[in-house]
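A structural walkthrough
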Amino acid sequence: MASSEGKDIMGRNIKRLLKQHGMTAAKLSEVVGVSTATISDWCNGKTYPRINKIEQMAEYFNVSKSELVEDPDQMSTTNVTEEPALMAAHWGLDISGLPDDERQRVVDRAKAYVEGLIADYEDRNAK
């Protein structure tokens, strides 16, 4: 479940990226195919984007999905080295032999997949 804190972090990150790119919420809404009200909800931590929208924003801003969903003050290189080990332990996957950029891509996709499952669960249970 996307926590209130997670929604707030995502909102701050979207606002930061908009400012860094000199971009408006209206332009971002065109890029990802949602209303400006939806962008406003994301920026204000009211709702959390679906994973495909996170992927579109990451690609557009040329950042990793982690840079959208994680608190930049809490991100560290420790996470990068621990995550492959956690994946290996949990799913039986050893990705330690992959180059750093490919290993991070696998980790990002795994996180994105789990976030998508959580968003779907929340949508089904919000009724």
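These numbers were taken from a predicted model, which means no experiment stands behind them.

If you tally the helices and strands in the protein chain, you get seven helices and zero strands. When the elements of the protein chain are put in sequence order from the N terminus, they spell out α-α-α-α-α-α-α. The burial tally for the protein chain puts 35% of its 127 residues in the buried class. Put simply, 55% of the contacts in the protein chain that link residues at least 6 apart link residues at least 24 apart. Counting only carbon and sulfur atoms, one obtains 51% of the accessible surface of the protein chain, whose full area is about 7,900 Å².

On to the pattern of salt bridges. Per the counting criterion, the structure on display carries one salt bridge. Arg105 is paired through a salt bridge with Glu102; the nearest N and O atoms lie 3.1 Å apart. Here the residue Arg105 and the residue Glu102 both occupy positions in helix α7 (residues 100–125), the gap between them amounting to three residues, near one helical turn.

For the rest of this paragraph, the subject is a nonpolar patch on the surface. On the surface, a nonpolar cluster with roughly 290 Å² of combined accessible area is contributed by Tyr113, Val114 and Leu117. Tracing the backbone shows Leu117 in helix α7.

A few words on the nonpolar core. Membership of the largest hydrophobic core comes to 18 residues, with the highest contact counts inside it found for Ile14, Leu28, Met57, Phe61 and Leu68. Elements that contribute at least two residues to this core include exactly α1 (4–20), α2 (25–32), α3 (36–43) and α4 (51–61). When neighbours within four sequence positions are excluded, Leu28 is seen to be in contact with Ile14, Leu18, Met23, Ile39, Met57 and Phe61.

This part is about the environment of Tyr48. Here Tyr48 lies in the loop between α3 and α4. In this structure Tyr48 comes out as buried when scored by relative accessible area, which is 16%. Separated by 40 residues in the primary sequence, Tyr48 and Asp8 place their C-alpha atoms 9.0 Å from one another.

So, on to the packing of aromatic side chains. Evaluation of the coordinates by the stated rule reveals one aromatic pair. Consider the rings of Tyr60 and Phe61, whose centres lie 5.6 Å apart with planes at 75°: the pair is edge-to-face. The exposure class assigned to Tyr60 is partly exposed, which follows from its relative accessible area of 38%.

Right, let's talk about α3 for a bit. Because the α-helix completes a turn every 3.6 residues, residues three or four places apart line up on one side. Residues of α3 that are buried include every one of Ile39, Trp42 and Cys43, and no others. For α3, the buried positions fall inside an angular range of 95° around the axis, keeping them on one side. Buried positions along α3 lie against α1, α2 and α4.

Reading guide: rules and limits
- Residues numbered from 1 in each chain as written.
- Predicted model: local features only at pLDDT ≥ 70, side-chain atom pairs only at ≥ 80, totals over all residues.
- Heavy atoms only, no water.
- Helix = DSSP H or I, 4+ residues; strand = E, 2+ residues; numbered from the N terminus.
- Buried < 20%, exposed > 50% of the residue type's maximum accessible area, 1.4 Å probe, protein only.
- Contact = heavy atoms within 4.5 Å.
- Areas by Shrake-Rupley, 256 points an atom, 1.4 Å probe, with all protein chains shown as cover.
- Salt bridge = Lys/Arg side-chain N within 4 Å of Asp/Glu carboxyl O.
- Patch = residues over 30% accessible without salt bridge, like charges linked within 9 Å, V, L, I, M, F, W, Y side chains within 5 Å.
- Core = buried A, V, L, I, M, F, W, Y, C linked by side-chain atoms within 4.5 Å.
- Phe/Tyr/Trp six-rings, centres within 6.5 Å; stacked < 30°, edge-to-face > 60°.
- Arc of directions from axis to C-beta.

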